[in-house]
Amino acid sequence: MIAAPLKLSKFTATPIITMLTISPYYQGIERELFDAFRSAITQVCSKDYSEAQIHAWVPAQYDHAKWKQRIDTIQPFVAVLNGEVVGYADIQKDGYIDHFYVSGNFQSRGVGKALMSKLLAQQLDIKKAYSNVSITARPFFEKHGFRLVKENIVQVRGIDLVNFTMERALPM
C-alpha cells in the first residue's frame with residue numbers, strides 16, 4: 001500500500017493534512033469505482049468529447065453484475081482519501097493499462113500521479129506499459145513518459161470516439 005500526502009487546492013483556507021492510500025481492489029467497492037469512472041468521464045472528459053460520445057461511453061444504467069465482472073477481471077489498485085474512493089487504475093501482466101480513472105472532484109491533486117507510480121512500480125518482467133487513452137488523458141500519460149503510437153477511432157454503443165495508443169519503456 002502507498003500513502004502519499006495529497007496536494008491541497010490553492011483555494012483551501014486552512015491547511016489540512018490528508019493521506020491518500022493506494023491499495024489492491026477488494027470486494028464490495030464496485031459501486032464506488034463506477035462512481036469514480038462516471039465522474040471522471042462526465043466531469044472531465046466532457047471538455048473533449050460531445051454529449052453523445054459521453055452518453056455512449058458511460059452506461060445510462062449501473063449494471064452491478066456486469067461491472068463487478070469487469071472489475072474482478074482487471075483487479076485495479078484503488079485510491080482512497082478519508083474513506084472515499086477517489087480513483088482507480090490497473091496494469092495487466094502484459095503491461096496493458098485498461099482502466100485509469102480519477103474522480104472529477106479530485107483532479108490535479110496528486111491522485112493520478114500516485115496511481116501511475118503504483119502501476120509502474122509493479123514487477124511484471126515486461127519491457128513496456130501501454131494503454132488506449134482518451135483525448136483528455138493523453139497529456140497526463142505524456143507527462144509520465146508515454147509516447148504516442150497511433151490514433152484510433154473506436155466505436156462504443158454505435159458512436160465513434162477518438163483515443164490514442166500510447167506506450168512507455170519500463171526498466172527491466
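Residues numbered from 1 in each chain as written. Predicted model: local features only at pLDDT ≥ 70, side-chain atom pairs only at ≥ 80, totals over all residues. Heavy atoms only, no water.

1. Digging into the side chain of Gln53
For Gln53, the position within the fold is in helix 2 (residues 51-57). The class of Gln53 is buried, set by a relative accessible area of 17%. Contacts of Gln53, omitting those with residues within four sequence positions, involve Ile159, Asp160 and Leu161. (Helix = DSSP H or I, 4+ residues; strand = E, 2+ residues; numbered from the N terminus. Buried < 20%, exposed > 50% of the residue type's maximum accessible area, 1.4 Å probe, protein only. Contact = heavy atoms within 4.5 Å.)

2. Considering the environment of Glu32
Looking at where Glu32 falls in the secondary structure, it is placed in helix 1 (residues 30-44). In the structure, Glu32 is positioned 55 residues away from Gly87 in sequence and 9.0 Å away in space, judged by C-alpha atoms.

3. Structural notes on the pattern of salt bridges
In the structure shown here, the tally under the stated rule is 6 salt bridges. Arg70 is the partner of Asp98 in a salt bridge, and the nearest nitrogen-oxygen pair spans 1.9 Å. One end of the pair, Asp98, is in the loop between strand 5 (96-97) and strand 6 (100-102); the other, Arg70, is in helix 3 (residues 64-74), and 28 residues separate them in sequence. Ionic pairing is found between Lys128 and Glu167, a salt bridge with its closest N-O pair at 3.1 Å. Of this pair, Lys128 sits in strand 7 (residues 128-134) while Glu167 is found in strand 9 (residues 159-169), placing the two residues 39 residues apart along the sequence. On the basis of relative accessible area, Lys128 is assigned to the partly exposed category, the value being 37%. A cluster of three or more residues bridged by salt bridges with shared partners is formed by Lys128, Arg147 and Glu167. (Salt bridge = Lys/Arg side-chain N within 4 Å of Asp/Glu carboxyl O.)

4. Concerning the packing of aromatic side chains
One pass over the structure, following the stated rule, counts 12 aromatic pairs. Consider the rings of Phe34 and Phe37, whose centres lie 5.9 Å apart with planes at 40°: the pair is tilted. Taken as a pair, Phe34 and Phe37 lie in helix 1 at a separation of 3 residues, close to a single helical turn. Each ring, one from Tyr49 and one from Trp57, has its centre 5.2 Å from the other, and the planes form 75°; the classification is edge-to-face. Given a relative accessible area of 6%, Tyr49 falls into the buried group. Looking at Trp57, the relative accessible area reads 16%, which means it is buried. Among the aromatic residues, ring-to-ring pairing joins Phe34, Phe37, Tyr62, Trp67, Tyr88 and Tyr101 into one connected group. Over the ring of Tyr62 we find Arg31, and its NZ or CZ is 4.3 Å from the ring centre. Over the face of the ring belonging to Tyr130 we find Lys128, whose NZ or CZ atom lies 5.5 Å from the ring centre. (Phe/Tyr/Trp six-rings, centres within 6.5 Å; stacked < 30°, edge-to-face > 60°. Lys NZ or Arg CZ within 6 Å of the ring centre and 35° of its normal.)

5. A short note on helix 1
Under the 1.5 Å per step criterion, the end-to-end length of helix 1 is 21 Å for 15 residues, consistent within 8% with the ideal 21 Å. Taken together, the buried positions of helix 1 are Glu30, Leu33, Phe34, Ala36, Phe37, Ser39, Ala40, Ile41 and Val44. Lining the buried residues of helix 1 we find helix 2, helix 3, strand 3 (77-81), strand 4 (84-89) and strand 6. (Expected span 1.5 Å × (residues − 1).)

6. What about the pairing of strand 3?
Of all 5 residues in strand 3, 5 are buried, a share of seventy percent or more. Sheet analysis places strand 2 (residues 19-24) next to strand 3, joined by 5 bridges and oriented antiparallel. When the sheet's bridge partners are listed, Thr21 is paired in strand 3 with Val80. Here 5 bridges tie strand 3 to strand 4, and the two strands are oriented antiparallel to one another. Bridging from a neighbouring strand, Val80 pairs with Val85 of strand 4. In this structure, the hairpin formed by strand 3 and strand 4 is closed by a connection of 2 residues, where Asn82 is found at a positive phi of approximately 50°. (Pairing = 2+ DSSP bridges.)

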